[in-house]
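What follows is each chain in one-letter form.
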Amino acid sequence: MAQAAAPRRKGLQTMTVNLVKSVTEKMKGFSQKETPGILQAINDKAWQQIENAGTPEIKSQMFE
């Protein structure tokens, strides 16, 4: 039974390595450390705009 699982295991290993390589290539130029802070700042600014909106309609429109 271990012999039957070997090709599947090798296929899974190859797929995983290829996935990691692909994601690494696509993420070039992005900072893993800085990205959460940038996204948080964008989110904070958006929520501030919603909170500053004067009417429920504007709040709803900005949220969409």
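This section reports on the structure supplied with the text. (Residues numbered from 1 in each chain as written. Predicted model: local features only at pLDDT ≥ 70, side-chain atom pairs only at ≥ 80, totals over all residues. Heavy atoms only, no water.)

This part takes up the pattern of salt bridges. The full count for this structure, using the stated rule, is 1 salt bridge. With a shortest N-O distance of 3.2 Å, Glu25 and Lys28 are connected by a salt bridge. (Salt bridge = Lys/Arg side-chain N within 4 Å of Asp/Glu carboxyl O.)

Let's shift gears to a nonpolar patch on the surface. Residues Leu19, Val23, Met27 and Phe30 make up a contiguous nonpolar surface patch of about 420 Å² in total accessible area. Structurally, the position occupied by Phe30 is in the loop between α1 (2-26) and α2 (35-52). With a relative accessible area of 56%, Phe30 lands in the exposed category. (Patch = residues over 30% accessible without salt bridge, like charges linked within 9 Å, V, L, I, M, F, W, Y side chains within 5 Å. Areas by Shrake-Rupley, 256 points an atom, 1.4 Å probe, with all protein chains shown as cover. Helix = DSSP H or I, 4+ residues; strand = E, 2+ residues; numbered from the N terminus. Buried < 20%, exposed > 50% of the residue type's maximum accessible area, 1.4 Å probe, protein only.)

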